[in-house]
Amino acid sequence: MTSETKAKAKVAIAGGGLLGRLLAWRLCQRELDITLFEAGDLSAPVGGACWTAAGMISPLSELVHSDKQIYNLGLKSLELWSEWARQLEERSGQDVEYRRAGSVLVAHGKDKSELLQFLRELQGKLGESARKQVQPLDSNTLAKLEPSLHGFEQGLYLRGEADINNHRLLPALLRVLRRGAVTLREHSKVNCEVGYISVNSEREQFDCVIDCRGLGAKGQIEGLRGVRGEVMVVESREVVLQRPVRLLHPRYKLYAVPRSDGRTVIGATEIESEDQSPISVRSSMELSSALYSLNPAFAEARIVETRVNCRPATMDNMPYIHSEDGLIRVNGLYRHGYLLAPAVVEQVENQVAQQLLQVV
């Protein structure tokens, strides 16, 4: 791509969530003329699924319930996140709390078969490499790794997994975009077509349009659906986890992700519904009960926030990338937003570069 081409190429990005912000940041470094369109307010303290998520980057944890392609993309994302997080912190002046300390899986005694089944399925998909990435834990090693866990006799340590504080990352990305050469168009609900963005019945021409609106693109992607997720945020000074912890249970799979401010993000629900109403009593009771079973001291934790949102998913729960001259649609990251985003963004970057080579 020549300097002349870079200066002339105009790229529109529809959707200011995780994918949209990452794409705008990465593409503006190529000296392209970037415009980011967002239907809402980019600075609002609440947003789409990217704001509701816990920010886990866990290819091993997700492999048991997903295709191996998700795992491979997740490994690529782990490499990219390490570098991208550092760059974003330098350029935004903000700590995004990227942590690569692995994650821990535990199960109560009566559910220990869940751990064994998890390990067998990992070994079935990864073969001998699973042994290098997964460390079985007895009660002593588990207590050293996570002293705040209570009453567990065994567990699994998944090396290399990571997490990132999305409530720090998203504002840091916005700050970098505001400082860069990105035009931000908020409160702009758009329609996307080849080479054009339509806003309030007015069409604007671009060399390339990237549609990453999540469920906002439902009419343009066949089979796109929303999957409801619910999380609670609790605050406790008595229980301090060192890394994400997952509790395996026959009925639900709880995750608890600690933050540096004494808060813990917990979730487990995955409901085939696009209902965006507040968290249900049943879900809050199940989440609270499972959290209490990690450590009874959580009983005195304070529920400081609940979040509900719908994650965009395709019929096979695989990411969707469709590219044609002048238009790229990317969507359907499902429950794997932070796990897949960097790898998917890199693919889209390459497709944009290939398209704009033709723009002279």
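Refer to the structure printed above.
Parameters and conventions
Residues numbered from 1 in each chain as written. Predicted model: local features only at pLDDT ≥ 70, side-chain atom pairs only at ≥ 80, totals over all residues. Heavy atoms only, no water. Pairing = 2+ DSSP bridges. Helix = DSSP H or I, 4+ residues; strand = E, 2+ residues; numbered from the N terminus. Salt bridge = Lys/Arg side-chain N within 4 Å of Asp/Glu carboxyl O. Core = buried A, V, L, I, M, F, W, Y, C linked by side-chain atoms within 4.5 Å. Buried < 20%, exposed > 50% of the residue type's maximum accessible area, 1.4 Å probe, protein only. Contact = heavy atoms within 4.5 Å. Axes fitted to C-alpha atoms, helices over the stretch in contact; angles between N-to-C directions.

Caption draft 1: Spotlight on the sheet that holds strand β3 (residues 56-57). If you walk across this open sheet you meet the three strands as β3-β8-β4, and the pairing is antiparallel. Edge positions in the open sheet fall to β3 and β4 (98-99), since each of these has one partner strand only. With two bridges connecting them, β4 and strand β8 (residues 162-164) associate as antiparallel partners. Residue pairing for β8: Y98 is matched across the bridge by I164.

Caption draft 2: Structural detail: the pattern of salt bridges. The final tally for this structure, using the stated rule, is 26 salt bridges. Where R259 meets D163, a salt bridge forms, and the shortest distance between an N and an O atom there is 3.7 Å. Taken as a pair, R259 in the loop between β16 (253-258) and β17 (263-267) and D163 in strand β8 lie far apart in primary sequence, 96 residues in all. Between R203 and E193 there is a salt bridge, with the nearest N and O atoms lying 3.2 Å from each other. Of this pair, R203 sits in strand β12 (residues 202-205) while E193 sits in strand β10 (residues 190-193); the two residues are 10 residues apart in sequence, bridging distant segments of the chain. Each of R26, R30 and E349 takes part in one network of salt bridges that share partners.

Caption draft 3: A look at unusual backbone geometry. Positive phi, normally seen in glycine, also occurs at E97, with a value near 55°. For E97, the location among the structural elements is in the loop between α5 (68-92) and β4. Of note in this structure, N200 is not a glycine but carries a positive phi near 50°. Structurally, N200 can be placed in the loop between β11 (196-199) and β12.

Caption draft 4: Seen up close, the nonpolar core. Ranked by internal contacts, the top residues of the largest apolar core, which has 54 residues, are V11, I13, I210 and V352. Among the elements that take part in this core, helix α11 (residues 337-356) stands out by supplying 10 residues, more than any other. Beyond its immediate sequence surroundings of up to four residues, V352 is in contact with V11, L27, L32, C208, I210 and I328. Listed in part, the 25 residues of the second largest apolar core include V239, I266, A301 and V308.

Caption draft 5: Broad picture of the sheet that holds strand β18 (residues 302-313). Taken together, the eight strands give an open sheet; going across it, the order is β6-β7-β5-β15-β16-β17-β14-β18, and neighbouring strands pair in mixed fashion. Two strands bound the open sheet, and with one partner strand each, they are β6 (134-138) and β18. For this sheet, the mean angle separating the axes of adjacent strands, direction not counted, is 20°. Against the sheet, helix α6 (residues 112-126) contacts β5 (103-106), β6, β7 (154-158), β15 (245-248) and β16, and its axis sits at roughly 30° relative to β7. On the sheet, helix α10 (residues 281-294) packs against β5, β14 (225-235), β15, β16, β17 and β18 and is oriented at approximately 50° with respect to β14.

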